[in-house]
Amino acid sequence: MDLNALGACLATPACVVTQTTSGLIVGMLLFLVAAGLTLIFGVLKVVNFAHGTFYMLGGYVAYSTLGVTDSYALAVLSGALAMALFGVLFERLLISRVYGSNVLMQLLICYAVVLIFDDVVKIVWGPEFHAMGMPPAFQVPPLFIAGGVVPPFYAALIGIAALIAIVLGLGLSLTRLGKTVRAAAINPQMVSALGVNTTLLFAIVFAVGGALAGLAGALAAPVRSLSPGMGFSILIESFIVTVIGGMGSIAGALVSALVIGLVRGFGTIGFPQFTDGLIYIVMIVILLLRPQGLFGRAS
Amino acid sequence: MKDRPAALRDTAIAAIALIVVLAIPLLHRSPAFEDFIIRLSAMALFATSLNLLVGNTGMVSFGHGMFYGFSAYAFALTMQMTDLSLPVAAVLAIAITTFASLCVGAICVRLSTDYFAFITLAVQMLFYSVIISWQSLTGGDQGLRGGIPRREIFGFELSSQLHLYQFCAVVAVLGLLALRHISQSPFGQTLRMIRDNETRASFVGVVLWRARLWAFTIAGAFAGLGGVLAALFVSGAYPELADWPNSGQAIFAVMLGGINSFLGPVVGAAILLALNDVVNRFTEYYGLVLGIVILAFALGLRRGVLDFLRLAWPKGVK
Amino acid sequence: MSGTITRRNVLAGGAAGLLAAPWVAKAQANTLRIGMQSILSGPIALLGTSSRNSLMMEQDRINAAGGFLGRQIEFVFRDSKGQPQEAARVARELVNSTGCELLVDAEASSASFAVQEVVRDLGVACIHTNSETSSLTADPKIRVATAFRVARQGVHDAVAGSIYLADYANAKKLDKWATCSPDYAYGRDTTAQYLQFFKKFKPDVEIITEAWPKLGQPDFTEVITKLIQAKPQALFTLLYAGDLSAFVNQGNVYALFSQMTVATPNVDYPVLAAIKNLPAGIQSATRYLETFPDTPANKEWGQAYLKKWNERPTNWSWQNSLAMHFYEAAIKKANTLDGKALAAALTGMKINTPFGADGTITMRDDHTTIGYAIGWGQTTPKEPFIIDVKPADWGKIIELETEWKKQQNYI
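Because the structure is a prediction, the values reported are computed rather than measured. (Residues numbered from 1 in each chain as written. Chains lettered and ligands numbered in written order. Predicted model: local features only at pLDDT ≥ 70, side-chain atom pairs only at ≥ 80, totals over all residues.)

**Student:** Help me understand the overall build of chain B in this model?
**Tutor:** Of regular secondary structure, chain B possesses 14 helices and two strands. Taking 318 residues into account, the globule formula puts the C-alpha radius of gyration at 20 Å, and chain B, at 19 Å, falls close to it. Considered along the principal axes of its C-alpha atoms, chain B spans approximately 55 × 45 × 45 Å. The contacts in chain B between residues at least 6 apart in sequence include a share of 77% that link residues at least 24 apart. (Helix = DSSP H or I, 4+ residues; strand = E, 2+ residues; numbered from the N terminus. Rg over C-alpha atoms; globule rule 2.2 N^0.38 Å. Contact = placed C-beta atoms within 7 Å.)

Dropping the structure here:
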């Protein structure tokens, strides 16, 4: 524990700017993944334990697309779209068979998919790690804001994620589809009785959820290593985010993802070896005091 | 209620099973099979204790592995740091684990199902990160090194694989018999009543949280017994024993074998361990094979093996 | 309830039959099976795959020359994913089920201790090829009669590295250092060793901050920014393989490498190739280098590996080859595969090998090797990737290692 260092950092604007940026980038990428997870749970009441696999596949697809087309934009887009498609297939072929079942059945199916695709990735791309490399446009020195370091690539990512958060939020509250989705989250039978094609709706929700995770994977790929099984740690983190923020709440996912990002950013200075433990304690406290999460609906 | 004959029948089956298992090495020595039984003993206790919560009480715990691992560490540390004999160390480890599960349970049981699952997971992850961080005590990610001193117990020399096999078989059968007894007792029936309709149960006068806490504590204790056997197998204790994928393994064992059958978790554990052994010899893509098998169970059979068999050939009332 | 008994018996009988099949002991074939276990997937898969590559080369070479004791050898590879629990199971399975008569343990340090306990129980001969944590052989409580290590040792590297780095730091006036190492046994122990010796050779060094990311963590951003805030003049890091690649890529985003000199013992060829924007001038140990030692034998081995696998050897590659060289010599000497006899042959054995600093490597009484090529130089993006290599002084290494062992109460 190094509280002196933490105090020193908080007192320096440069440090605050730098660590906040790093916290934001970690948080925003986490939000993209968690948003998909919470959306799927909110509407379908399914805990998608395979969500990390979407993230991983999104990254790998982007990597391959880059190899073929040399365009980062296409790579990212392909990652998101491929995962939208994968999400639909996953929902139609597997998840739809266990709606209403024991949560353990869902866990079983999701876990099976994780196992299978970790090996598929090993077979297709090889067991060793891959690095995608930074887009040439972003191979520039970092910006200095108030003495703190802000890399343009991360600033761009934060911007994109924030944009998506806004679009998602507005989409859910203003568009007809969004309102239908929210209604289905509260009362699926009623929505179906009103003539809405819930099959299509559920497929769309999984497509969007998957696309978000895939997008996060593709966006992060230039700086993170790609390897089979990389979805595992992302899954745990996004799971924690959704529990703390409230299963089913996009706003909750955003807030808690940012909180966790910042806890990591500053925690690594104050509690370098126990940052994980800190986050688990937060999760336990929330579950004891407000089990539905910060923004969740009490059931 | 026909308690006495049912209990006798259970004991008879246990005795026969034990005799069969003990007889096998006398006919044919196979170190691989003996390893399998040793590992199965630990995992069978672990998974069956979990089913006391999941199948019997309807409490889905994602963090059960923490008691398995806690006990393994407690036992291994006691053996390494003190001169206590094995049975004393084992009993001590299980006692500490039972106390720990009482404490954790006291915090968790009041939450409703989904949140109960999450909070048990969070507590387990916290426990795991403590194990990893507290290196001076636990050895961190390497686990406890140097092995468990091979001391004698009742004439069993545990450095001999045969004796370890016999010891584990005896402990597992006795442990499962005890769990069976608990499951068939009025307390067990209370748990199942809570699982089926907790409102009715509380109208009948059952104090829900207290029954759940008892179930959680007992489950933790038996998981601890399994943990002791696991520690003996690897001659130490490793963080993976307390990590949540291990809890996941227990859940899969329960689901694959049958959540509504007492021996379901044992069968499921046997299936998982056997797959682990066999598949790894033929391909390095163990995950692919296991994933397909699990999908076959989940989508095809839609229930565990013993549950499926019971539905396919229903005879008599459970 | 007779129905239940019948069903249960049928199930039990059927299951027993099905399950018994794989475990009925196979008849002893003439092939000599050698078990190898390692990390074959995940961010550090390079460790296992490059080990496996070497062993397959050795298998071909040894079989072409007649095998061991007239029997052709066959490797059995297993992936333990680096988990100690699984590593223990795998080791037992290799010996008990698959009938392996020798073990090559290519696990990283955390799992190697688990394998050590299995070897202690089973008494089979085992050579650890990748575990660098000194206590595996240095600590008499952990040492096992039939287990040996041919991997470079943390404490040797620490002495050699700190002598070089102290010289370099004094020359360039780099007094403020930071460390960033993976938070597990190898990372902690080896960093501590480096710092201990570094302070000995450069007493005015100041470690202003330490970062401890988790092994395999995807994002090092908060660690990188923490390091940048601290403004060290130089950074010492033990990150390797996929982690090092991610760290470099993420560090480039923050222009980390222009703000401090970086020193690491762990830059392997394939990692250099995979990192797209590798900065030059990283001070690095020679993990494997075709030009160090600069002998025809070494070059030939390196070229053969490159030709067969289309990638360059790593540190782990030569270590596994060395294990087979030792087995070869020991089996010839002892004329048996028995664990105890091989152990007697291996102890104190000195063999000729391309990887020795002077063409030879010796297996000491405490079951670990000395005399292998250690050097430090700096990276460059083109062949041979590490230049200006200065070889280490083995006399000094052994002197300080002995001191360290006394300090730890190992001797």
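Structure's up, so let's keep going.
**Student:** Is there a simple way to explain the overall build of chain A in this structure?
**Tutor:** Broken down by element type, chain A carries twelve helices and two strands. Reading chain A from its N terminus to its C terminus gives the helix and strand order α-α-α-α-α-β-β-α-α-α-α-α-α-α. By the compact-globule yardstick of 19 Å for 299 residues, chain A fits well, its C-alpha radius of gyration being 19 Å. With the principal axes as the frame, chain A shows a C-alpha extent of 60 × 50 × 35 Å. Out of the 299 residues in chain A, the part that is buried amounts to 58%. (Buried ≥ 20, exposed ≤ 12 C-beta atoms within 10 Å, placed from the backbone.)

**Student:** How should the interface of chain C and chain A be read in this particular structure?
**Tutor:** Accessible area lost upon the coming together of the parts serves often as the stated size of an interface. On the side of chain A, 34 residues touch chain C, which itself brings 34 residues to the contact. Elements with a minimum of two residues in the side of chain C that touches chain A: helix H2 (45-64), helix H8 (221-230) and helix H9 (241-253) of chain C. With eight residues, the single largest contributor to the side of chain C that touches chain A is H9 of chain C. Tallied by class, residues from the side of chain C that touches chain A come to 16 nonpolar, 13 polar and five charged. (Nonpolar A, V, L, I, M, F, W, Y, C, P; charged D, E, K, R; others polar.)

**Student:** Can you help me understand the environment of Val267 of chain C in this one?
**Tutor:** Residues and elements named next belong to chain C. With respect to the helices and strands, Val267 occurs in the loop between strand E9 (261-264) and helix H11 (269-274). By C-beta crowding, Val267 is classed as buried, having 23 other C-beta atoms within 10 Å. Sequence separation of Val267 and Leu400 is 133 residues, and the distance between their C-alpha atoms is 25 Å. Those residues within four positions of Val267 in sequence are excluded, and the remaining contacts are Leu272, Ile282, Ser284, Arg287 and Thr379.

**Student:** Looking at this structure, I do not really get the interface of chain B and chain A. What am I missing?
**Tutor:** Across the contact, 27 residues belong to chain B and 27 residues belong to chain A. At the level of secondary structure, the elements contributing two or more residues to the side of chain B that touches chain A comprise helix H5 (113-133), helix H11 (244-257) and helix H13 (286-301) of chain B. With ten residues, H5 of chain B is the largest single contributor of residues to the side of chain B that touches chain A.

**Student:** What is the right way to read the nonpolar core from this model?
**Tutor:** Leu29 and Val33 of chain A are the most contacted members of the largest nonpolar core, which totals 341 residues. Not counting residues within four places of it along the chain, the set of residues in contact with Leu29 of chain A comprises Ala161, Ala216, Leu219 and Ala220 of chain A. (Core = buried A, V, L, I, M, F, W, Y, C linked by C-beta atoms within 7 Å.)

**Student:** What's the story with the confidence of the model for chain B in this structure? I'm lost.
**Tutor:** Caution applies to low-pLDDT parts of the model: their predicted coordinates are not meant to be read in detail. Looking at chain B as a whole, its pLDDT mean stands at 89, while 96% of the residues score no less than 70. Confidence metrics for the complex model read pTM 0.87 and ipTM 0.85. (pLDDT = per-residue confidence, 0-100.)

**Student:** Please explain the packing of helix H11 (residues 250-270) of chain A against helix H12 (residues 275-289) of chain A as it appears in this structure.
**Tutor:** Axes are the key here: two packed helices are described by the angle between their axes and the distance separating the axes. Residue and element names in this part refer to chain A. At a minimum axis distance of 10 Å, the contact between H11 and H12 shows a crossing angle of 145°. The hand of the H11/H12 crossing is right-handed. Seen from H11, the contacting residues are Ile260, Val263, Arg264, Gly267 and Thr268; seen from H12, they are Thr275, Leu278 and Ile279. Grouping the amino acids of the contact of H11 with H12 by side-chain chemistry returns four nonpolar, three polar and one charged. (Axes fitted to C-alpha atoms, helices over the stretch in contact; angles between N-to-C directions. Left-handed = near helix turned anticlockwise from the far one by under 90°.)

**Student:** Even after reading the chapter, I still don't get the pairing of E9 of chain C, so can you show me in this structure?
**Tutor:** On a regular strand, one side chain projects to one face of the sheet and the next to the other, so that they alternate. All names here are of chain C. Here E9 shows two buried faces, one formed by Thr261 and Ala263 and the other by Val262 and Thr264. The sheet contact formed by strand E8 (residues 234-237) and E9 spans three bridges and is parallel. Paired with Phe236 across the bridge in E9 is Ala263. For E9 and strand E10 (residues 283-285), the ladder comprises two bridges, and the chain directions are parallel. (Pairing = 2+ DSSP bridges.)

**Student:** What is the right way to look at unusual backbone geometry in this model?
**Tutor:** Outside of glycine, negative phi angles account for most residues, and trans bonds account for most peptide bonds. Along the chain, Phe292 of chain C connects to Pro293 of chain C via a cis peptide bond; the corresponding omega equals 5°. Structurally, Pro293 of chain C is set in the loop between E10 and helix H12 (296-309). The phi dihedral of Lys45 of chain A falls on the positive side, at around 55°, and the residue is not glycine. For Lys45 of chain A, the position within the fold is in the loop between helix H2 (13-44) and helix H3 (51-69). The backbone phi angle of Asp388 of chain C is positive, close to 55°, even though this residue is not glycine. When the 10 C-beta atoms within 10 Å are taken as the criterion, Asp388 of chain C is described as exposed.

**Student:** Just to check I follow, could you spell out the sheet that holds strand E7 (residues 206-211) of chain C for this structure?
**Tutor:** Sheet strands pair by backbone hydrogen bonding; their relative direction is either parallel or antiparallel. Residue and element names in this part refer to chain C. One open sheet holds the seven strands; their spatial order is E7-E6-E8-E9-E10-E14-E15, and the pairing between them is mixed. Looking along the sheet, the strands with just one partner apiece sit at the ends: E7 and strand E15 (386-391). With direction set aside, neighbouring strand axes in the sheet form an average angle of 20°. Two elements, E10 and strand E14 (residues 375-379), share three bridges in a ladder whose sense is antiparallel. In the sheet register, Ser284 faces E14, and the bridge partner there is Gly377. Sheet contacts for H8: strand E6 (176-180), E7 and E8; angle to E7, the most-contacted strand, approximately 160°.

**Student:** Whenever I open this one, the sheet that holds strand E4 (residues 125-128) of chain C confuses me. Can you help?
**Tutor:** All names here are of chain C. The parallel open sheet is built from five strands, whose spatial order is E2-E1-E3-E4-E5. Edge positions in the open sheet fall to strand E2 (73-79) and strand E5 (147-149), since each of these has one partner strand only. Neighbour to neighbour, the strand axes of the sheet diverge by 20° on average, direction disregarded. As judged from the three bridges shared by E4 and E5, these two strands associate in the parallel manner. Following the sheet pairing, Cys126 is matched in E5 by Ala147.

**Student:** Please explain the environment of Met363 of chain C as it appears in this structure.
**Tutor:** All names here are of chain C. Structurally, Met363 is set in strand E12 (residues 360-363). Residue classification places Met363 among the buried positions, given that 25 C-beta atoms sit within 10 Å. Sequence separation between Met363 and Leu215 is 148 residues; the distance between their C-alpha atoms is 31 Å. Those residues in contact with Met363 that lie beyond four places of it in its chain are Phe148, Phe326, Leu346, Thr347, Gly348, Met349 and Thr369.

**Student:** Sorry, what's going on with the pairing of strand E1 (residues 32-38) of chain C here?
**Tutor:** Residues and elements named next belong to chain C. Within E1, six of the seven residues are buried, leaving the element largely enclosed by the surrounding structure. Where E1 meets E2, seven bridges bridge the pair, whose relative direction is parallel. Paired with Gly35 across the strands is Val76, a residue of E2. What joins E1 to E2 is H2, and the crossover it makes is right-handed. Alignment of E1 against strand E3 (residues 102-105), held across four bridges, turns out to be parallel. Bridged to Ile34 within E3 is Leu102. (Right-handed = clockwise from strand over helix to strand, strands pointing away.)

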